[in-house]
Amino acid sequence: MNILIVDDEPMIREWFQMTVERTGGDYRIAGEASNGEDALTFCRTHPVDLVVTDIKMPGMNGIDLIKALKEEMPHIRSVVFSSYSEFQFAAEALKFGASEYILKAEITLSGLEQILQKIKKDIDLDQRAASEINALRYSLNESQVTLRNAYFRELLEGGREAANGFAERMERLHIGLSEKHLALLVVGIVQGPEPLRIREEGLLQNAVINILDETLHHELGNGCSFLYKPNLYIMLCNSVHTGLKSQRESLLVLASRASEHLLRFVGANAVIGISHMYSRLSYLPEQLSEALAAADRHLFYGDPGIAWYEDNGSAGSAAYSNFGSGWTSTFQGYLDNGLTARAGLFLEKIMDEMETGRQLSAKQARSLVLELIYIAVNRARTVGVPTEELETLYIDAHVEVQRYATFRELSGWASSVFHQIMDRISARRPQYGEAVERACEYITLHYAEDLMLQDIADHVHLSRTYISELFKKETGMNYNEYLMQVRMEKAKELLKRQTLKVADAAALVGYSNTSYFIKLFKSYTGLSPSEYMERQRSV
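Residues numbered from 1 in each chain as written. Predicted model: local features only at pLDDT ≥ 70, side-chain atom pairs only at ≥ 80, totals over all residues. Heavy atoms only, no water.

Q: Account for the overall build of the chain, naming residues and giving values.
A: In terms of regular secondary structure, the chain is built from 22 helices and ten strands. Against the compact-globule benchmark of 24 Å for 539 residues, the chain has a radius of gyration of 41 Å, which places it well outside the compact range. Along the first, second and third principal axes, the C-alpha set of the chain runs to 135 × 60 × 35 Å. In the chain, which comprises 539 residues, the proportion classed as buried is 44%. Look at the contacts in the chain between residues 6 or more apart in sequence, and 67% of them connect residues 24 or more apart. (Helix = DSSP H or I, 4+ residues; strand = E, 2+ residues; numbered from the N terminus. Rg over C-alpha atoms; globule rule 2.2 N^0.38 Å. Buried < 20%, exposed > 50% of the residue type's maximum accessible area, 1.4 Å probe, protein only. Contact = heavy atoms within 4.5 Å.)

This is the structure:
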């Protein structure tokens, strides 16, 4: 407890300080003053809990000091320590807020200690009461926020009963919003290069909402914000303009200011999606969908920015059609041809191009990843990977792919899954030395060409004779047998599609003589190409 002693006699001040120190309690003489004016000035600039003052002093006396303290700093307690025993002095001092009136001649060490202990208990009690009141206010405010959030969520879900009482509810919640020309903005917080200034989740949420509310009131004079999902907030407001162009511009300015303030005050990078404005409250669910769609790609790729909702679904579909189908076809081709390592590298390329190009929406990116996983799982089954090793990956993939809100999270999970599948595929295929491995890969890539053994020897930088012997030793087949096997397997895939003539399939796998191709195919499969296609129709 900090004590200020006020008396015009230095000896009294010194004696009082020594007596307080002798009590041994948690008391500290914060300062001394010889009159009321100096005491008041001291209290304005220093932490003081108790003022012990004389009555008669030059300038401002003790009674006037107590009155001034009561008006300006009511939390400071006061005790009169006087030589005058007149009743009027005591009554006046107690009337204006003094806790005690003590005669200097009668004070004892134990008596002073009792008075100080009593005043300290009173101060502690007041502090606890103030803390409880603040906690109650905070609790009431939290309840108000909870009610507000629950009401707006009901509106966003299309609740008719909630919409009918909109004006009354806004008045009760002290929110200045009308139901006509209501705009909705989605604000997402994305990870930037620098860490957020506020790490604790609850504090960050309150800070973001306060910043958004202040921006709304400063820019438009109305509106409110609330937490919708983790790191995703909603701003609701009425435009102050009537023209469509002016409304749009004012909302873009609002979004820009909100983004600037979030970055400046909490170091948060923001994505803001803006919906169209509608004339009726019943359109709020649609506005939410629009704002989320506008923000979707920025949120998914972690790219801060402001986006107005536009119906560009056809452009997104075109991008998916152009890139997705080509990627899946090439990826499947590498796997079907046994080029597991190359398939893995191509997969990394796909992920890089998706992130840098950012042409696919979150939904399209998840669909593409899921399709690539299914292709890899099917290939693993074909090469003999046990079903139980793939079952969890295959069954859970369509659920897992939806769990990741950002591309970075999705990409990390997908890479882990693909590596598991690729490792299982690699474990099932024969392991060759580096030279033969490179030779097999070259054959797989160039099987449709007029490929000669010398071409293979040149590619692996070995002599024709040595690579021939090495190839036979490690694969159990000579070069021509291996090349024919690759061509026949590819021909089987082509004929399964039922879209090619036999002659066309023969040419695509490297045989210009159709009759020779038919002879080789029947020798390899036990069926002619026509018989093979017929059997595939009945499967």
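Q: I'd like a rundown of the sheet that holds strand β7 (residues 224–229), residues and numbers included.
A: Taken together, the five strands give an open sheet; going across it, the order is β7-β8-β6-β9-β10, and neighbouring strands pair in mixed fashion. Taken across any chain shown, the strands that pair with only one partner, and hence form the sheet edges, are β7 and β10 (305–308). Strand-to-strand twist across the sheet, computed as the mean angle between neighbouring axes with direction ignored, equals 20 degrees. Relative to strand β9 (residues 269–274), strand β6 (residues 182–190) runs antiparallel, the two being bridged by six bridges. Within β9, the position partnered with valine 187 by the bridge is isoleucine 272. Lying on the sheet, helix α10 (residues 284–301) is in contact with β6, β7, β8 (232–238), β9 and β10; it crosses β6 at an angle near 30 degrees. (Pairing = 2+ DSSP bridges. Axes fitted to C-alpha atoms, helices over the stretch in contact; angles between N-to-C directions.)

Q: Please set out the side chain of serine 528 residue by residue, giving values where relevant.
A: Along the polypeptide, serine 528 turns up in the loop between α21 (514–525) and α22 (529–538). The contacts of serine 528, once residues within four sequence positions are left out, are Phe521 and Lys522.

Q: Could you give an account of unusual backbone geometry, naming the residues involved and the relevant values?
A: Even without being glycine, asparagine 231 reaches a positive phi, approximately 65 degrees. Tracing the chain through its elements places asparagine 231 in the loop between β7 and β8. Since its relative accessible area comes to 43%, asparagine 231 is described here as partly exposed. Look at histidine 461: it is not a glycine, yet its phi comes out positive at around 60 degrees. With respect to the helices, strands and loops of the structure, histidine 461 is situated in the loop between α17 (453–460) and α18 (464–475). Residue histidine 461 is classed as exposed on the basis of its relative accessible area, which comes to 68%.

Q: Go over the packing of helix α12 (residues 340–357) against helix α13 (residues 362–382), please, and point to the residues and values.
A: Close contact between α12 and α13 brings their axes to 12 Å; oriented N to C, the two are set at 175 degrees. In terms of orientation, α12 and α13 fall into the roughly antiparallel class. For the pair α12 and α13, the contacting residues are Leu347, Ile350, Met351 and Met354 in the first and Ala365, Leu368, Val369 and Leu372 in the second. Here the residues of the contact of α12 with α13 sort into eight nonpolar, no polar and no charged. (Parallel < 35°, antiparallel > 145°, perpendicular 65-115°, else oblique. Nonpolar A, V, L, I, M, F, W, Y, C, P; charged D, E, K, R; others polar.)

Q: If you had to explain the sheet that holds strand β3 (residues 50–53) to someone new, which residues and values would you point to?
A: One open sheet accounts for five strands, arranged β2-β1-β3-β4-β5; its pairing is parallel. Either end of the sheet is taken by a strand with one partner, and the two such strands are β2 (28–33) and β5 (100–103). Geometrically, the sheet is characterised by an average inter-axis angle of 20 degrees between neighbouring strands, direction not taken into account. Where β3 and strand β4 (residues 77–82) come together, four bridges link them in parallel fashion. Counterpart to threonine 53 in the pairing with β4 is valine 80. This element, helix α2 (residues 36–45), spans β1 (2–6), β2 and β3 of the sheet and lies at about 160 degrees to β1.

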